[in-house]
Amino acid sequence: DTPEGEYVDYGPLVDFGTEDIDAFVYNDNGKLYITWKAYGLDPRPIEILCQPLSDDGLHLEGEAVTLLVDKENIGNEGQCIFRKGDWYYLLYSARGCCGPRSDYEVRVARSHKLFSAFQPYDDNPILMGSADVLSIGHGTLVDTPDGRLFYLCHAYLRGAGFYLGRQPFLQELFVGSDEWPHFKTG
């Protein structure tokens, strides 16, 4: 009832495959959905799945639907969803997330329907590391009162920064005339 507690453990919400990580809850006009990365669907590759939630958010409803399949075998995770105009956009991270040689990057896919397969952007990735930043991704989108979009994610600073752990990064995002998201910095 309050942020200070007391909390009740209702047990696992998602149990699908050998590992379910990176849950993201999306509110689509009052209907809740949860997405997650699913490992261990052998012989299927890694997938990002979506399933409706009960109104109280404590139970799955219906069946899971695949939003995105890791056809390149590079890993897909750390997803978030937003809607702009007629499109739902799925921002997600690919490649290696961790370590001094990691190459995490942000990609995007879109669909006219939330509860269906998303089509990846042909020019992925849309955000990569730089001379100063290593392994950027796994974030969530926030919008400002003036209609701007920002992606809050994590990355390592190159060099000694890796040993400081992941640092928060805020990147401005916009949807271009091609109806695909782009980062101002790229």
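Reading the values: rules and limits
Residues numbered from 1 in each chain as written. Predicted model: local features only at pLDDT ≥ 70, side-chain atom pairs only at ≥ 80, totals over all residues. Heavy atoms only, no water. Pairing = 2+ DSSP bridges. Helix = DSSP H or I, 4+ residues; strand = E, 2+ residues; numbered from the N terminus. Axes fitted to C-alpha atoms, helices over the stretch in contact; angles between N-to-C directions.

### Examining the pairing of strand β9 (residues 133-143)
Next, step 1: One ladder, built from 7 bridges, connects β9 with strand β10 (residues 149-157); its direction is antiparallel. When the sheet's bridge partners are listed, glycine 137 is paired in β10 with histidine 154.
Next, step 2: The turn joining β9 and β10, which pair antiparallel and follow one another in sequence, is formed by 5 residues; a positive phi near 90 degrees is taken by glycine 147.

### Some remarks on the sheet that holds strand β1 (residues 19-28)
Next, step 1: Read from one edge to the other, the open sheet built from 4 strands follows the order β1-β2-β3-β4, with strand pairing classed as antiparallel. The open sheet has two free edges, formed respectively by β1 and β4 (65-69), since each of these has just one partner strand. Between one strand axis and the next, the sheet turns through 25 degrees on average, direction left out of account.
Next, step 2: Pairing between β1 and strand β2 (residues 31-39): 8 bridges, direction antiparallel. Following the sheet pairing, glutamate 19 is matched in β2 by tyrosine 39.

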